[in-house]
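Structural overview for review
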Amino acid sequence: MTISTVGIIGAGTMGNGIAQACAVSGINVVMVDISDAAVQKGVATVAGSLDRLIKKEKITEADKSAALARIKTSTSYDDLKAAQIVIEAATENYELKLKILKQADALVAPEVIIASNTSSISITKLAAATSRADRFIGMHFFNPVPMMALVEIIRGLQTSDATHDAVKQLSERLGKSPITVKNAPGFVVNRILVPMINEAFFVLAEGLATPEDIDAGMKLGCNQPIGPLALADMIGLDVCLAVMDVYLTEFGDSKYRPCPLLKEMVAAGRLGRKTGRGVYQY
């Protein structure tokens, strides 16, 4: 299968990041969201990101114009019919993703691949809710998408070799380095990463060190580019909590119990950078 157009459902952080990665690689994009304001905000984010690349002399003004011209925005799922693959990039909520995926499944041609950018939800379970389980797959991009090289390609129990190979080739066309993962909660990276973040909240809650010292310790002692608490603020504390809840439910193992402090901060609306306050103030 030759993929010339990628449909993206969701114009938020992940959706517009995937759109940028596709557009700068010469692939046409149809980016859909619930309102014109949402898709225009997504395009504005892409434009701002491309401007930063121009300042760093990594692309030219002409490259920016060409990339933006490849992104079509819409509030109608009907426009996804032009795509050879549709990537769902909605909030990490099973019921919401299920609703979106069923809508897309009913609209696009049978041969179209549908992928979910989920970071924790079962690809096998999502695939079973569609009419194309063999052409359903996980494409877990990492934030910020334009900068991060990794894509986790998650095979559900039903995913065909042809679907996997087409998605792997697409990932490589985007300049990414894909790894193939079996379906399991959290896959590989988040299975290790998010419990580490959760443990950092336990360390903070127990008063063992300040947030700054916890992050400095992990940066300087483990050579991480960003500390776990600052990373939680970047990801969103609500997202971290949702992922831990999935692990606790799916594995039934108390080691995945979300830290009470994490739950308390989410309840207070201190979700990190997106709300201006999380562990740190922004």
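I will try to describe carefully the structure that is included in this document. All values derive from a computational prediction rather than experimental measurement.

On to the overall build of the protein. Each helix and strand in the protein was counted, giving 11 helices and 8 strands. In terms of overall size, the protein behaves like a compact globule, its C-alpha atoms giving a radius of gyration of 19 Å where 282 residues would be expected to give roughly 19 Å. Per-residue burial over the protein gives 47% buried out of 282 residues. Across the protein, contacts joining residues at least 24 apart in sequence account for 65% of those joining residues at least 6 apart. Accessible surface computed for the protein: about 13000 Å², of which carbon and sulfur atoms make up 54%. In the protein, 29 positive and 29 negative side-chain charges are present, and the distance between their average locations comes to 2 Å.

Here we come to the pairing of strand S8 (residues 177–182). Two faces, one strand: in a regular strand the side chains alternate between the faces of the sheet. Bridging between strand S7 (residues 150–155) and S8 involves 6 bridges; their strand directions are parallel. Pairing of Glu 152 across the sheet is with Ile 179, part of S8. Viewed along the sheet, the connection from S7 through helix H6 (residues 161–173) into S8 turns out right-handed.

Moving on: helix H8 (residues 211–222). Think of an α-helix as 3.6 residues a turn; residues three or four steps apart then line up on the same face. The terminal C-alpha atoms of H8, which comprises 12 residues, lie 16 Å apart, in line with the 16 Å expected from a rise of 1.5 Å per residue. Here H8 has its buried residues at Pro 211, Ile 214 and Asp 215. Within H8, the buried residues cover an arc of 95 degrees as seen down the axis, which keeps them to one side. Facing away from the buried surface of H8 by more than 90 degrees, the exposed residues are Asp 213, Leu 220 and Gly 221. Where the residues of H8 are buried, they touch helix H7 (189–205) and helix H9 (228–235).

Before going further, it helps to examine unusual backbone geometry. Negative phi values dominate among residues other than glycine, just as trans dominates among peptide bonds. Residue Asn 143 is joined to Pro 144 through a cis peptide bond whose omega torsion reads 0 degrees. The residue Pro 144 is located in the loop between strand S6 (136–141) and S7 in this model. One non-glycine residue, Glu 57, lies in the positive phi region at around 60 degrees. Mapped onto the fold, Glu 57 is located in the loop between helix H2 (36–55) and helix H3 (61–69). Even without being glycine, Asn 223 reaches a positive phi, approximately 60 degrees. For Asn 223, the location among the structural elements is in the loop between H8 and H9.

Core analysis: the largest hydrophobic core is formed by 36 residues, its most contacted members being Val 6, Ile 18, Ile 85, Ile 87, Met 139, Phe 141 and Leu 170. In terms of residue count, the dominant contributor to this core is helix H1 (residues 13–24) (6 residues). Among the nonpolar cores identified, the runner-up in size contains 24 residues, and Ile 9, Val 30, Val 86 and Val 181 belong to it.

For the coordinates displayed, the defined rule picks out 3 aromatic pairs. When the ring of Tyr 247 is compared with that of Tyr 256, the centres are 5.5 Å apart and the planes differ by 70 degrees; the resulting orientation is edge-to-face. Taking relative accessible area as the criterion, Tyr 256 reaches 5% and is therefore assigned buried. Where Phe 251 meets Tyr 256, the ring centres are 5.1 Å apart and the plane angle is 25 degrees; that geometry is what we call stacked. Aromatic ring contacts, followed pair by pair, group Tyr 247, Phe 251 and Tyr 256 into a single cluster. In this structure, Lys 125 packs its charged tip against the face of Tyr 94, placed 4.5 Å from the ring centre.

With respect to the secondary-structure elements, Asn 190 resides in helix H7. The exposure class assigned to Asn 190 is buried, which follows from its relative accessible area of 8%.

Rules and cut-offs
- Residues numbered from 1 in each chain as written.
- Predicted model: local features only at pLDDT ≥ 70, side-chain atom pairs only at ≥ 80, totals over all residues.
- Heavy atoms only, no water.
- Helix = DSSP H or I, 4+ residues; strand = E, 2+ residues; numbered from the N terminus.
- Rg over C-alpha atoms; globule rule 2.2 N^0.38 Å.
- Buried < 20%, exposed > 50% of the residue type's maximum accessible area, 1.4 Å probe, protein only.
- Contact = heavy atoms within 4.5 Å.
- Areas by Shrake-Rupley, 256 points an atom, 1.4 Å probe, with all protein chains shown as cover.
- Lys, Arg positive; Asp, Glu negative; His and termini not counted.
- Charge placed at Lys NZ, Arg CZ, Asp CG, Glu CD.
- Pairing = 2+ DSSP bridges.
- Right-handed = clockwise from strand over helix to strand, strands pointing away.
- Expected span 1.5 Å × (residues − 1).
- Arc of directions from axis to C-beta.
- Core = buried A, V, L, I, M, F, W, Y, C linked by side-chain atoms within 4.5 Å.
- Phe/Tyr/Trp six-rings, centres within 6.5 Å; stacked < 30°, edge-to-face > 60°.
- Lys NZ or Arg CZ within 6 Å of the ring centre and 35° of its normal.

Keep in mind these numbers describe shape, not what the thing actually does.
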